[in-house]
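Tertiary structure, described
Next come the chains, spelled out residue by residue.
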Amino acid sequence: MRGTTTLPAALVAAWLLVGCEAPDTVLAKHGCSSCHTPSTEGLGPSLRLISTHYSSREELVQFLEGKSAPRVAPEGFEAMKPMVEMTRTLTSEERVRIAEAILRHRAK
């Protein structure tokens, strides 16, 4: 599969051992990966592009809580509104995990 990163099995096992989900699993579970891919633009901006517009996990969580305006492709936000409404119903921990999963795509 082009454009994806395979995580080492030991890392995934460690996440599961401490009760965490792998970042890409979190994104798929909550529907993010339906429109957002790691590095290519599609229905939504790529995770890499999103990660460059937020300097911290807290800023991204604010957006996922519906408390801040979109920083990436605001002209297309109308289509994203239902998903933000859904993320508002998640636990704060789930929103943090989504934000962390997105920010791990920031180019080093």
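Anything mentioned here points back to the structure above.
Residues numbered from 1 in each chain as written. Predicted model: local features only at pLDDT ≥ 70, side-chain atom pairs only at ≥ 80, totals over all residues. Heavy atoms only, no water.

Quick look at the nonpolar core now. Of all hydrophobic cores here, the largest spans 19 residues; its most connected members are L27, I50, Y54, L60, F63, I98 and I102. Looking at this core, the elements with two or more residues in it are α2 (23-29), α3 (47-52), α4 (57-64), α5 (77-88) and α6 (92-103). Of the residues forming this core, the biggest block, five residues, is contributed by α6. When residues no more than four places from it in sequence are discounted, the contact partners of L60 are I50, Y54, A99, I102 and L103. (Core = buried A, V, L, I, M, F, W, Y, C linked by side-chain atoms within 4.5 Å. Buried < 20%, exposed > 50% of the residue type's maximum accessible area, 1.4 Å probe, protein only. Helix = DSSP H or I, 4+ residues; strand = E, 2+ residues; numbered from the N terminus. Contact = heavy atoms within 4.5 Å.)

With the rule as written, the count across this model stands at two aromatic pairs. Their ring planes at 40 degrees and their centres at 6.3 Å tell us that Y54 and F63 sit as a pair that is tilted. There is no split in this pair, since Y54 and F63 are both buried. What links up through ring pairs into an aromatic cluster is the set Y54, F63 and F77. (Phe/Tyr/Trp six-rings, centres within 6.5 Å; stacked < 30°, edge-to-face > 60°.)

Interpretation in functional terms is not warranted from these geometric data alone.
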